[in-house]
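For reference, the chains in residue letters:
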Amino acid sequence: MVCTLGHKPMLKTQLSVARDLWATGLAADVLYDTTQTLEEIQDYCKHTGIQHIVILKDTDDKVKVSTYEKDRFTEKKIEREELVEYVQQKLVSSKTNVKSDSGTNVQSSTSMKSTSNQQSQEVHHRNTSDNKHQSNSAELTITFLNDQTKLASSAKRKIESQIKSKISQVLLSKANVDVLAVDLNVSVLKTIAAHIELGDEKSFNSSIGPIIQQHSKHRQYLTRIFDKVHGIKFEKERTSSLIMLYGLKDDNYRLLL
């Protein structure tokens, strides 16, 4: 989990840190709600099985990693350039410790995300006992851009429910989010998230070419997706603060920035 503490929004830095983790195969979510205290964030991560929290502060160039192990959180401040290696070492160490402890029933954690089972339990927990997070949940607009000509209404509602359940655990802030449900696997989503530029229209147009070239077999489909992103971001089809791609093939998602 990548989060910020302080009064200054650091969304771009958060996404940059997340991209560094994604690039090495590490799963990482981004917490966009800057109103949460560290205790609230730690409590959320403890219940969802997220072992590591990367904490950014607008007053500090270094990052702090809060790790949950042996029933408590410990913190270490490191240079941002050391983050990926540090997290990888902690994960290897955690896995080794679990294997060596044959007398206890401890589940090995190989990523920064909880299993889908833990996520389902947390959804139930939040719905019944965490009204604060529920009241600040993100507003999602889901658009299907799948290759299938038509999706049955019942199947569509089921997928929408799955998307909302999964994403609502990460987007705790009350933001307007456009979610584009697409028939792409996580490797293509990672490429798009890592290289697309949404700062201005010129940068956007320049960034999508190399993405299409890298995944040329999806050329027509990617063009369709980028046309939709362009409409939301630059043609103001809707007032959206965030755009997210959700891969229907493997239930993965990436935020575009």
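Shown above is the structure to which this text applies.
Procedures and definitions
Residues numbered from 1 in each chain as written. Predicted model: local features only at pLDDT ≥ 70, side-chain atom pairs only at ≥ 80, totals over all residues. Heavy atoms only, no water. Phe/Tyr/Trp six-rings, centres within 6.5 Å; stacked < 30°, edge-to-face > 60°. Buried < 20%, exposed > 50% of the residue type's maximum accessible area, 1.4 Å probe, protein only. Helix = DSSP H or I, 4+ residues; strand = E, 2+ residues; numbered from the N terminus. Pairing = 2+ DSSP bridges. Axes fitted to C-alpha atoms, helices over the stretch in contact; angles between N-to-C directions. Contact = heavy atoms within 4.5 Å. Salt bridge = Lys/Arg side-chain N within 4 Å of Asp/Glu carboxyl O. Parallel < 35°, antiparallel > 145°, perpendicular 65-115°, else oblique. Left-handed = near helix turned anticlockwise from the far one by under 90°. Nonpolar A, V, L, I, M, F, W, Y, C, P; charged D, E, K, R; others polar.

Topic: the packing of aromatic side chains
Any two aromatic rings considered together are summarised by their centre-to-centre distance and by the angle between their planes.
Here's step 1: Enumeration according to the criterion identifies four aromatic pairs in this entry.
Here's step 2: Relative to Phe-73, the ring of Tyr-68 lies with its centre 4.9 Å away and its plane at 50 degrees, an arrangement referred to as tilted.
Here's step 3: According to the relative accessible area criterion, Tyr-68 is partly exposed, its value standing at 24%.
Here's step 4: Aromatic pair Phe-204 and Phe-226: ring centres 6.5 Å apart, planes at 90 degrees, arrangement edge-to-face. Here Phe-204 is found in helix α8 (residues 201-214), whereas its partner Phe-226 is found in helix α9 (residues 219-233), with 22 residues between them in sequence. Assigned by exposure class, Phe-204 and Phe-226 land together as buried.
Here's step 5: By the ring-pair criterion, three or more aromatic residues cluster together here, those being Phe-204, Phe-226 and Phe-234.

Notes on the sheet that holds strand β6 (residues 176-182)
Here's step 1: Spatially, the four strands line up as an open sheet ordered β5-β6-β7-β8, and their pairing is mixed. Pairing within the sheet leaves two strands with one partner each, and these edge strands are β5 (139-144) and β8 (252-256). If you compare each strand with its neighbour and ignore which way they point, the axes differ by 25 degrees on average.
Here's step 2: Here strand β7 (residues 242-247) pairs with β8 via five bridges, running antiparallel. For Ile-243, the partnering residue across the bridge sits in β8 and is Leu-256.
Here's step 3: Its contacts with the sheet put helix α6 (residues 153-168) on β5, β6, β7 and β8, and the angle it makes with β5 is roughly 140 degrees.
Here's step 4: On top of the sheet, helix α7 (residues 186-195) reaches β6, β7 and β8; it is set at about 10 degrees to β8, its chief contact.

Let's talk about the pattern of salt bridges
Here's step 1: Counted according to the given criterion, the structure contains five salt bridges.
Here's step 2: For Asp-20, the salt bridge identified is with Arg-80, shortest N-O distance 3.5 Å. In this pair, Asp-20 sits in helix α1 (residues 11-23) while Arg-80 sits in the loop between β4 (72-78) and α3 (83-100), placing the two residues 60 residues apart along the sequence.
Here's step 3: The exposure class assigned to Asp-20 is partly exposed, which follows from its relative accessible area of 36%.
Here's step 4: Between Lys-62 and Glu-79 there is a salt bridge, and its shortest N-O distance comes to 3.7 Å. Remark: Glu-79 occurs in the loop between β4 and α3 and Lys-62 occurs in strand β3 (residues 60-69); sequence separation between them is 17 residues.

Topic: the packing of α8 against α9
Here's step 1: Axis separation between α8 and α9 bottoms out at 11 Å; the angle between their running directions is 160 degrees. The angle between the axes of α8 and α9 places the two elements in the roughly antiparallel class. Handedness of the crossing formed by α8 with α9: right-handed. Residue-level inspection shows Glu-201, Phe-204, Asn-205, Ile-208, Ile-211 and Ile-212 of α8 in contact with α9, the latter providing Arg-219, Leu-222, Thr-223, Phe-226, Val-229 and His-230.
Here's step 2: Among the residues forming the contact of α8 with α9, the class breakdown is seven nonpolar, three polar and two charged.

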